[in-house]
Amino acid sequence: VEDLEEQVITLEGEDGHSYVCRILGLFEFEEKEYALLLNIGEVGKEESEEPSTVVMQLITKDDQAVFRTIEDDEEFDRVIAYVK
């Protein structure tokens, strides 16, 4: 998974739109893998919002990297505190 760093990927949001993200870093916390992403903007939109930083859980499934939203608020808070 180390070769993922510095790549630009496209993720589909819960709103059905696709977003371009740059992988800033990968890290392990509480025996799970996470990715720090820079959301560059929505695909197909010329005017994008300011880039924002996103943290997602990284799961490897059949040799494919799958990024998943951290849905547990307590887990999210712990991960954010660790990243800061």
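Not measured: the values here are computed from a predicted model.

Criteria and thresholds
- Residues numbered from 1 in each chain as written.
- Predicted model: local features only at pLDDT ≥ 70, side-chain atom pairs only at ≥ 80, totals over all residues.
- Heavy atoms only, no water.
- Helix = DSSP H or I, 4+ residues; strand = E, 2+ residues; numbered from the N terminus.
- Buried < 20%, exposed > 50% of the residue type's maximum accessible area, 1.4 Å probe, protein only.
- Contact = heavy atoms within 4.5 Å.
- Phe/Tyr/Trp six-rings, centres within 6.5 Å; stacked < 30°, edge-to-face > 60°.

**Side note on the overall build of the protein chain**
Consideration 1: Helix and strand counts for the protein chain come out as one helix and five strands.
Consideration 2: Ordering the α and β elements of the protein chain from the N terminus gives β-β-β-β-β-α.
Consideration 3: Here the protein chain, with 84 residues, has 26% of them falling under the buried criterion.
Consideration 4: Sequence-distant contacts, at least 24 apart, represent 31% of the contacts inside the protein chain between residues at least 6 apart.

**Side note on the packing of aromatic side chains**
Consideration 1: Scanning the entire structure with this criterion turns up three aromatic pairs.
Consideration 2: Summarising the aromatic geometry, the rings of Phe27 and Tyr34 are spaced 5.7 Å apart at their centres and angled 25° between planes, so their arrangement reads as stacked. In this pair, the class of Phe27 matches that of Tyr34, namely buried.
Consideration 3: An aromatic cluster of three or more residues is present, and its members are Phe27, Phe29, Tyr34 and Tyr82.

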